[in-house]
Amino acid sequence: MKKDDFCHDSRYIPLPSPVKLGCVPCWAGHQRTSDRRYFWNGMKRGSRELLLWQYTVSGCGMVELDGKKYPVNPGEAFLLTIPEKHLYYLSETPGEWEFLYLAVEGDEAMRIVRQLRQIRPPVSTAYASPETVKLAWELIGRAVENDFSTAVEASKLAYSFIMSLICGSTASGNSSGNDLLHKLHQFCISRISEDLSVEDMAVFSGYSRSHFCRIFRELSGKTPHGYLLELRMRMAARMLLSGTSVKETAALCGFTETGYFCKVFRRFTGTAPAAFRRKG
């Protein structure tokens, strides 16, 4: 591995359980590599049956299965099993590949992934819904920190992850797209007084910044920054009309400088905040 590569990796060894668990996390990690030697063969990783999920944060990977090649672009994930006649590796496209990965074992996990693979291709955005990516980050973080006290606790979180793969859908469909926008709206409202950024919105949605911006614009017709600013201005207008002071309104809407808030508000409404407030 090159010096500019990194890997936050954890091999999670399940704690003893009084019963056999059908869904147990084994590996979890967050890695970035530009090493062309990054190459895995699904038939050369032992006989232990595993579900393998890998999500592209940035860059591009490649999967080969049944004579076909599937690029794994940002916002997409692959779902494979071990052992299986597949290959996956760093794409020939210049640059690095940053990804999250999880391996899960257990009869129930394998049953579900085999059914999913009958109705979906091995690489899909359907395996990379915001909920799935969010649960993956939680699993990775807790595994790296060795934060599971029991095997049952780890299994519950892994099972939630598997369920999210079943329910997983992407912003390409109207219903899922509307759901993403609704969740983002609630997220922005809940943190409107903070220094909320487009990066924060992307992380919440489970996408890289560039992929998130593209999806958001396709869904809403607006840039994330423009949407957030418009949301702040609408909230500011309601606050001012209800009698909230200009200074307090600026702070509650996430502006650290009242003067800048006044400038932006006037650009949006054509009226200074103080004058707008008097109309209320």
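Every residue gets a number counted from 1 within its own chain, in the order that chain's sequence is written. Note on the predicted model: pLDDT of at least 70 is required for a residue's local features to be given, and 80 or more for side-chain atom pairs to be given and counted; whole-chain, interface and lining totals, by contrast, use all residues. Each side-chain value is worked out from all heavy atoms of the structure, with water and hydrogens disregarded.

### Some thoughts on the pattern of salt bridges
What counts here: Should a side-chain nitrogen of Lys or Arg be within 4 Å of a carboxyl oxygen of Asp or Glu, the pair is scored as a salt bridge. Each helix corresponds to a stretch of at least 4 residues labelled H or I by DSSP, and each strand to a stretch of at least 2 residues labelled E; elements are numbered beginning at the N terminus. Buried means the residue's accessible area, taken with a 1.4 Å probe over protein chains only, is under 20% of the maximum for its type, while exposed means over 50%, and partly exposed covers the values in between.
Applying the stated criterion across every chain yields a total of 12 salt bridges. The salt bridge involving Glu-49 is made with Arg-114; its shortest N-O contact spans 2.8 Å. With a gap of 65 residues between them, Glu-49 in the loop between strand S3 (39-41) and strand S4 (50-58) and Arg-114 in helix H1 (residues 107-119) connect regions that are remote in the sequence. On the accessibility criterion, Arg-114 (40% relative accessible area) is partly exposed. A salt bridge links Asp-147 to Arg-142, with the nearest nitrogen and oxygen atoms 3.2 Å apart. Given a relative accessible area of 18%, Arg-142 falls into the buried group.

### Some points on the packing of H1 against helix H3 (residues 151-167)
Heads up, the condition is: Between the N-to-C directions of two axes lies an angle of 0 to 180 degrees, each axis being a line fitted to C-alpha atoms and, for a helix, fitted only over the stretch in contact. Angles are sorted into four bins: roughly parallel if under 35 degrees, roughly antiparallel if over 145, roughly perpendicular if 65 to 115, and oblique for all others. The sense of a crossing depends on the near helix, which, turned anticlockwise from the far helix by less than a right angle, makes the crossing left-handed and, turned clockwise, makes it right-handed. Throughout, a residue-residue contact means that at least one pair of heavy atoms, one from each residue, lies within 4.5 Å. Following the grouping adopted for this structure description, the nonpolar residues are Ala, Val, Leu, Ile, Met, Phe, Trp, Tyr, Cys and Pro, the charged ones are Asp, Glu, Lys and Arg, and the polar ones are all others, Gly among them.
Two elements in contact, H1 and H3, have axes whose closest approach is 11 Å; the angle formed by their N-to-C orientations is 15°. Considered as vectors, H1 and H3 are oriented roughly parallel to each other. Judged by the twist between their axes, the crossing of H1 over H3 is left-handed. Side by side, H1 and H3 meet where Glu-108, Ile-112 and Leu-116 of the first sit next to Tyr-159, Ile-162, Met-163, Leu-165 and Ile-166 of the second. Class assignment for the residues of the contact of H1 with H3 results in 7 nonpolar, no polar and 1 charged.

### Structural notes on the pairing of strand S2 (residues 24-33)
The test is simple: Paired strands, as defined in this entry, are two strands with at least two bridges between them according to DSSP.
For S2, the buried fraction is high: 9 of the 10 residues fall into the buried class. One ladder, built from 9 bridges, connects S2 with strand S9 (residues 97-105); its direction is antiparallel. Bridging across to S9, Thr-33 finds its partner in Trp-97.

These results come straight from atomic positions and should not be treated as a statement about function.
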